[in-house]
Structures are given as C-alpha cells and as structure tokens.
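What the coordinates show
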Amino acid sequence: MFKGFIGKDIAQSALAVVFVVFSIIYIGVFPSAVHGTTNQVTSYAYLTQWGSQGSGNGQFQMPYGISVDGIGNVYVTEYNSPLRVQKFSNSGSFISELTPLDAQNWQFREPTGIAVNDPSNLYNSHIYIADYGARQIYDFYNSWQLRTIWTSLGSINGQYYAPRRIVADSSGNTYVLFPNQQLIQRFSYIASSYQYSGGWGSQGSGNGQFEFGSGGDLAIGAGGNIYVADTLNRRIQEFTSSGQYIRQWGSGGSGNGQFDYPEGITIDNSGNVFVADCSETSSIYNCRIQEFDSNGTYLTQFGSRGSGNGQFNGIGGVAVDKNGNVFVTDTGNNRVEKFGSVITSAGGSGTTGITTTLCPDPTSTPGSTPSNSVTGYAWSSNIGWVKFCGSNYGVHIDPSSGLFSGYAWSENVGWVKFDPAGPYPASAQTGAHLDCTTGKVSGWARVCTAAADPLNCSGGAGSNTGGWDGWINLGSTGHSDGVSKFNNALMGWAWGDDKVGWLSFDSGSAGSAVPYGVKVDSRICSNNAVGDVGVTLHASPLTVTSGGTTTLTWTSAHATSCVASNNASNSWTGSKGINNTAGDTSGPITTPTTFTLTCMGPNGSATASATVAPLGDVAVTLNANPVKVNSGDTTTLSWTSENATSCTASNTTSNSWTGSKSLNNASGESSGPITSTTVFTLICTGAGGTATANATVIANGGGAAPTLDLEANGTKNPVVSQGTPVTLSWTSTNTTSCTASNGWSGAKALSGSEPSNPITANTVFTLSCVGPRGSVTDSVSVSLPSTNGGGGGGGGGTGGGGGGTQSQLVFDATPSHISSGGTSTLVWNATGFNSCTADGATQAGQAVSDPNWSGNLATSGLVHVSPHKSTIYKLTCDGTSLTAAVVVTNITEINP
C-alpha cells in the first residue's frame with residue numbers, strides 16, 4: 001500500500017509499525033465514534049440546529065423522518081402542510097425540496113419514513129419515502145426523479161395498509177414497518193417493480209411480536225441485521241434479514257437502557273445503535289437519545305425535554321452520517337439538531353482532542369514546513385483519514401492573503417500539498433485559497449507522492465512510477481458547495497477524482513469541542529469574520545393586471561449564492577446574484593404568486609418572500625344535474641369561479657335558489673322545487689370585472705321514476721334447507737322491461753313470481769328494470785343454514801355434562817335499498833361460532849374495497865356502509881360464509 005511514495009531505504013523498517021498502527025485505526029474504529037477501549041469515553045455535544053415553524057425553505061411543519069446520504073446531505077420529511085421532503089447540506093443549508101407536481105400522478109398525504117440508499121455511485125442513489133396517509137411507497141432518484149410507486153392494500157403477504165418507516169440495504173432491498181398490522185415486510189426490485197420477498201411480525205409481547213402503537217422504527221446494521229424499536233413493549237429487538245429473532249434489550253423506565261417511548265432508531269458505521277426515546281404523553285417523560293453497542297450494551301445518552309440547545313419536544317427520527325454526527329428531528333420545536341462526538345480520556349483530565357495514537361507521524365519528511373495554523377483530520381471513504389497535524393509537517397493559511405501552504409498526510413496515498421505548482425485542471429484557478437469575506441475555500445490541492453519531484457508536486461502523471469498523482473478540488477464541484485470556514489473550523493466537501501473520492505472536512509463540527517474535523521487558528525480571518533446570512537426581497541408593483549409582470553429587487557449579507565423560486569409556473573427561478581438593486585423582471589403573473597429568494601453563505605442561509613396578486617379577468621361556470629326533472633322535483637347546482645370576490649344567484653321563476661353564494665361549490669347545492677322550465681343564473685364580481693353563467697332545467701312531466709321490489713319467500717335474505725327452492729316475487733312501477741341475472745336469467749314480466757331451482761349453495765338473485773325515467777336494480781340473498789357440532793362432555797367429581805350446541809349464522813342489510821349517498825347497516829349474529837371476518841365486497845361481480853367492511857370482527861355486531869353502487873357484502877365465520885346485498889338506486893335520466 002506504500003509503493004511509490006515511501007523510500008525503499010526506510011520502507012522495510014517502517015512498514016510493519018505503520019501498518020499495525022493504521023490497522024488499529026482503520027479496522028478497529030472510526031475516530032468519530034470510538035467505543036470499547038480502556039482509555040477513551042465518547043459523549044455527544046450539541047453542535048448546531050436549523051429550522052423554525054413555517055412553510056418556507058428551511059422551515060418545518062412537524063418534521064418527522066430523517067436520513068443522511070453518502071456525502072452527508074440531510075433529508076427531512078414533514079407530515080403537516082405543505083407535506084414535503086426537504087434536502088439540506090450537512091451543516092443545514094437548504095438545497096432543494098420535493099413536493100407533488102401537478103403533472104405527476106401522485107400526491108403526498110402524510111410522508112413519514114425516508115431512507116437514502118447510497119451503494120456506490122453517490123449521484124445515482126435512491127430516496128425511498130413511506131407515505132402513511134396515502135398508503136404508498138415511493139422510489140426517487142437522487143435528482144427527485146420519480147422511479148416508481150408501489151401500493152397493495154390488503155392483509156396477505158405483500159399487502160398492507162399504512163407504511164410508516166422504511167430502510168434500504170445496499171442491494172436495493174427495502175424493509176417497511178406497518179404499525180397498524182404490527183408487521184415488517186421486505187420488498188425487492190425484481191423485473192422493474194418492487195415485489196414482496198419476505199416479512200414477519202404479529203401483535204403481542206413475545207419474541208418477534210410487536211406493539212408499535214402509532215410509533216415504531218427500524219434500522220439496518222452493518223451485517224444486514226434488522227433492529228426494531230418496539231415502541232409500546234419498550235424494547236429493541238434484533239432480527240436477521242429474513243426475520244429470524246436474535247435478541248432484545250430494554251424495559252420500561254427512565255434509567256440507563258430503559259425506555260418510555262422508543263420511536264426512532266439508527267446505526268453508525270461502527271455498529272452502535274442510537275435510540276430516540278421521547279414521549280409527549282407518558283408520565284415518565286423521557287426525552288433523550290441513548291447509544292448502545294450492537295449487542296445492546298448501554299454506552300451513553302444525551303438530550304432532555306425543552307426548547308433550548310440540545311433539548312427536544314418530541315422526536316420524530318434520528319440519523320447518523322459517516323463521520324459519526326447525529327441528526328435529530330425535534331418535531332415539537334420544528335427544527336433539526338446536530339450533535340458531534342467528544343472523546344475524553346477515561347479518569348484523566350477530561351480534555352477533548354485527538355490522541356496521538358490515532359495520528360501517527362509519517363516516516364518521511366517533504367522538507368521544511370511552515371508553522372501549523374490548520375490541525376485535525378479530514379475523511380475519505382476511499383482512502384481513510386487525511387491528517388493535518390504532525391511534528392514535522394503541517395498546513396498554514398496566510399492571515400492576510402488567505403493562501404494555503406504546506407502538506408497534509410494520508411497513510412493510503414501519501415503527501416497532499418496545498419500550494420502545488422500549476423498548470424491546474426481548470427483555467428483561472430490557483431492553489432488553495434480562503435476568502436475571508438465569504439468564508440469560501442477555492443482552488444486545488446494535489447496528491448504528489450507519485451510525481452517526479454514530491455517536494456514541488458512537479459513532473460506530472462507522466463512520470464508515475466507507481467502509486468497515484470492527482471488533484472483535489474476544494475471549491476464547488478457542481479454537486480457540492482465545496483469547503484468553507486465556519487467559526488474556527490473548515491467544513492464541507494472536496495472532490496479528489498475517483499481515487500480520493502469525496503473528502504469530508506466536517507468529521508466533527510466547529511468549536512473547541514470538536515475532537516475530529518479540521519480546525520483553524522482563531523487568528524485566521526479574525527479581522528474580517530464572516531457574519532450570519534441575511535436577505536431582503538421587494539416586488540413593485542404588488543398588484544398587476546392578469547398576465548402583467550413585476551420588478552424584483554434584493555440585497556443580501558454574507559451570502560455566496562442565491563436561488564429563486566415561486567409557487568406558480570413563473571419563469572423567475574434558479575440561480576441569482578447575491579444582490580440586484582437595479583431590478584429583475586418576473587415572468588407573466590396570472591395567479592397570486594409568492595416569489596422566494598433563499599441565499600446561502602458560510603454561516604447558514606436566509607429566506608425572503610414577496611407576494612404579487614393579479615387583477616385577473618373574472619370567470620364563472622354553473623352546472624345543473626339533472627337538466628330534466630318531473631314537476632316538483634329538484635336539481636343539484638354546482639359552480640366554480642376565478643378572480644372573483646362575490647357571487648349572487650337568481651332564476652327566472654319563483655325558485656328559492658337566490659341571493660349571495662360562495663365563490664365555489666363543487667359538491668353542489670340543491671335547488672328548490674321546479675314546476676316549470678327554469679333558467680338559473682350566477683353572477684360573480686371581482687377586481688377584474690364581472691362574469692355570468694346560466695343553467696337551464698326543464699320540468700318535462702315525463703312520468704315518475706321507476707321502482708322495483710324483489711323478494712324470496714316474502715323476505716330479502718331467507719335461509720332455506722339444502723335442495724329447497726324459493727319463490728321469487730317482484731313488483732315494479734313505471735318500467736317497460738325487466739331482466740334477471742346472477743342466480744337466474746332472461747327477460748321477466750314487469751311484475752310476477754316464479755320458483756327458483758333447488759338451492760344448493762348461497763345464491764344471489766338480481767333483477768334490473770328499465771322505464772322512461774331511468775333504470776332500477778334489486779337483489780335478494782338466499783343462504784343455507786350453518787351448523788357447528790358441539791362435543792360431548794366428560795364427568796368428574798359429582799357429574800359430567802355433554803351434548804351438542806346448534807350453531808346459527810345470521811347476516812342481513814337494513815335497509816337493503818338505499819339511494820346514492822344513503823346508509824345501510826350490516827347486522828350479523830354468529831351463535832356458536834368462534835370468530836368472524838369481513839370477507840370483502842363485490843359490485844357487478846368485481847371485487848371492491850370498502851374501508852368500513854374489512855378485517856376481523858366480533859361474532860355479533862353492526863357496521864354502517866354507504867356504497868355508491870349496488871354491493872354484495874360477504875361475511876365468513878369459522879369457514880362458513882353468508883352474503884348481504886345493498887341495492888343502490890341511481891336514477892339514470894332518459895330523454896322523453
């Protein structure tokens with residue numbers, strides 16, 4: 001691993017020592033999360049926070065789920081309006097958001113769970129979102145491009161009702177938690193779709209059982225095992241990836257390793273488990289994050305209840321990045337908080353910092369070095385730690401010019417020079433440079449071990465004798481904002497081609513409590529400190545004619561970039577300058593539009609908004625349904641308007657539908673009785689003028705609506721003996737023809753009776769009749785009796801009992817005929833049965849879903865249903881089934 005950059009004359013003597021030290025570092029632990037050693041203890045310190053209540057960029061309305069991708073970007077779901085997912089940098093700068101688009105076939109209802117699968121290509125990762133309210137699971141590419149949606153409502157394998165949490169492994173398998181079913185299911189991407197590939201769980205407190213309540217969460221360990229926060233059982237359970245139970249830990253309480261309401265779990269790169277325990281209802285009122293090793297041994301905890309730094313008011317989720325930083329969605333306080341690990345010597349002075357055993361000096365020296373003004377570590381998942389501190393080398397920043405000089409050291413690739421000679425990979429670039437005004441770092445560093453002259457990084461790749469020679473971009477790469485100075489630390493991401501990959505400077509965070517990360521001498525830029533970001537945005541004028549434009553002006557402070565957006569399809573979007581006092585013209589404004597400008601800088605971000613309203617043309621539509629009625633009947637009037645402030649109704653007869661009306665009524669409003677042809681008129685007025693809409697309804701006197709009544713043996717749901725026929729009798733009015741279906745068939749008289757064939761199974765008979773005013777349908781359900789034999793009893797003591805008990809199953813709908821929008825009551829009584837199930841419903845022979853008729857039932861009860869079409873409901877008790885029909889009368893208008 002040292003070929004090409006350690007001299008052969010020293011390699012033999014140094015290799016073994018360095019390799020052993022490096023193995024301890026790289027294989028045993030990451031410096032940001034060291035556990036299990038005898039001389040170090042890890043705790044966690046509050047670093048920063050972002051967010052406040054609101055719907056703007058960087059604000060939150062109940063933040064809940066949280067996940068971190070491979071380069072440290074943070075994703076947060078919100079389950080209160082505006083129902084979205086926001087993406088932030090590792091330090092909290094707003095990057096983008098995901099909300100439903102009008103042209104897409106999906107809409108968030110309550111997005112709760114989120115997972116970012118980041119296997120190998122950082123910019124081809126997938127974002128998985130579990131939408132509890134919509135009962136759907138989404139898969140997006142990292143650019144927010146929708147890959148697929150999958151949903152399957154039901155209770156068999158692969159079906160579900162309400163997904164709350166989701167995690168994904170590196171192979172694209174997703175594990176989803178369903179609290180209503182106490183179930184975890186795995187879905188794998190097979191043949192361009194997600195298919196069920198396993199699951200486990202049931203309600204209870206035994207091994208492998210769950211009581212999630214409204215909570216629950218799950219996480220994947222490094223070996224693929226699944227850890228589950230079993231909320232109401234107050235424990236953590238561990239399973240293999242196929243659902244085999246391994247172990248559990250935890251109990252109710254507020255002591256170390258105890259839980260009150262564990263809802264939120266994540267696992268770091270070392271396999272340590274972080275559990276969020278913060279109830280808003282329990283009497284214990286824990287509100288903290290506890291850390292355990294992979295076997296459940298308690299390590300440490302942090303946090304308390306409140307609204308101060310490091311406190312929580314209800315925790316939605318917890319996530320940890322590759323550098324050991326912990327991110328928490330503080331739901332009740334509408335913010336995200338970030339914590340970093342602090343390592344101290346056990347029983348020692350209690351000071352924080354880097355231990356020398358984790359930062360060995362290299363065995364070769366690239367020459368004289370400047371004084372060290374930069375110390376600490378940066379981290380690459382490709383090459384490991386890059387060290388800025390050493391006794392015979394270092395990196396310096398000139399306080400006046402901001403230019404870097406000197407060397408850092410990587411055990412895996414060698415020296416990294418921060419003031420290399422050009423030419424550079426891009427024109428108009430320099431070596432590393434810090435802009436004290438903005439805090440941004442730009443320019444290039446170079447890994448120079450493989451060059452002909454390591455001291456000057458000269459000679460280029462053409463003189464390679466092994467090893468690697470390449471450039472590291474410290475500025476913006478198109479995927480990252482680059483490296484910036486925050487207080488007394490360097491933070492952010494540099495890019496080092498495919499060999500170094502992403503190089504993280506914020507393994508910890510700013511401030512003296514950072515044990516890992518890259519710290520800067522406090523005297524650097526001390527006379528030109530970077531302040532908080534601020535921004536103002538103005539629009540003139542604030543009201544325009546429909547299609548007109550406005551002029552937008554803005555100023556910012558301590559910002560390095562600004563991004564524009566709006567809530568309409570206006571063209572004023574995208575990257576903007578940090579100031580524009582001359583003005584920028586918006587696109588045409590046709591709807592009320594809120595323009596938003598978000599500016600980012602080294603110390604965070606700020607957002608400003610301005611709303612412009614159009615004086616648009618007023619428009620109105622009015623519809624009547626039906627448009628032909630019998631004298632004295634009513635119609636339903638519905639309407640919409642645009643750019644109106646008031647609406648008034650009138651008509652050409654003495655109908656009661658008059659006076660002031662709402663601006664919109666899509667559900668409809670009933671007219672008064674119509675006795676003659678009537679023209680209904682709606683006039684709406686707004687700043688842009690007045691508009692009128694009419695709807696004409698004809699009272700044609702074309703006869704009454706058809707009616708139909710069908711019975712079997714004089715009732716709707718008779719129970720008959722096996723092989724016994726029933727007598728079907730029916731009466732219709734205002735009809736011209738009738739046709740039978742289901743248990744019988746063919747044309748039938750308008751009224752009459754006839755015997756059926758012998759009944760050998762539960763049977764539904766349906767009759768449909770048509771008349772001048774429409775059609776009508778009626779059904780009856782004939783059932784066979786259900787019996788369960790009782791067993792004999794044995795005697796003992798003073799005597800024994802025995803004998804059988806007759807079982808009876810009764811199922812009916814009352815009333816069995818309803819009009820559209822009406823309600824029927826399903827009533828059942830299963831005497832002598834053990835359990836019953838709502839076994840589905842059908843309409844015209846096709847299975848349908850009715851949320852009021854599903855799942856397990858008591859052996860007797862009632863349920864109210866309101867189908868919009870004639871529906872046959874099925875009840876099954878101990879394997880015996882009965883059906884009940886609810887006939888919906890929908891009058892279909894036919895022109896006379």
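Since this is a predicted model, take the numbers as computed values, not measurements.

1. Some points on the nonpolar core
Counting residues in hydrophobic clusters, the biggest one holds 30 residues, and the most contacted among them are Phe388, Phe404, Phe418, Ile472, Leu474, Leu490 and Phe505. Setting aside residues no more than four positions away along its own chain, Ile472 makes contact with Val416, Gly443, Trp444, Ala445, Val447, Ala494, Trp495, Gly496, Val500 and Leu503. Ile818, Cys836, Val865 and Ala884 belong to the second largest nonpolar core, which has 22 residues in total.

2. A word on unusual backbone geometry
Residue Pro626 is bonded to the preceding Asn625 through a cis peptide linkage, with omega at 5°. Here Pro626 shows up in the loop between strand S49 (619-625) and strand S50 (628-629). Residues Thr814 and Pro815 are joined by a peptide bond in cis, for which omega reads -10°. Mapping Pro815 onto the fold places it in the loop between strand S66 (808-814) and strand S67 (817-819). Notably, Met62 is not glycine yet its phi reads approximately 65°, a positive angle. By the secondary structure assignment, Met62 is in the loop between strand S1 (40-50) and strand S2 (63-68). Phi is positive for Asp878, close to 50°, though the residue is something other than glycine. Along the chain, Asp878 falls in the loop between strand S73 (871-877) and strand S74 (880-889). Its relative accessible area of 35% is what places Asp878 among the partly exposed residues.

3. Quick word on the sheet that holds strand S59 (residues 737-742)
Across the sheet, which stays open at both edges, the 4 strands sit in the order S60-S59-S62-S63 with antiparallel pairing between neighbours. The sheet is open, and its two borders are formed by strand S60 (746-748) and strand S63 (774-782), each paired with just one other strand. Along the sheet, successive strands turn relative to each other by an average axial angle of 25°, direction set aside. Where S59 meets strand S62 (residues 763-771), 6 bridges bridge the pair, whose relative direction is antiparallel. Bridge pairing in S62 links Thr739 to Ser768.

Parameters at a glance
- Residues numbered from 1 in each chain as written.
- Predicted model: local features only at pLDDT ≥ 70, side-chain atom pairs only at ≥ 80, totals over all residues.
- Heavy atoms only, no water.
- Core = buried A, V, L, I, M, F, W, Y, C linked by side-chain atoms within 4.5 Å.
- Buried < 20%, exposed > 50% of the residue type's maximum accessible area, 1.4 Å probe, protein only.
- Contact = heavy atoms within 4.5 Å.
- Helix = DSSP H or I, 4+ residues; strand = E, 2+ residues; numbered from the N terminus.
- Pairing = 2+ DSSP bridges.
- Axes fitted to C-alpha atoms, helices over the stretch in contact; angles between N-to-C directions.

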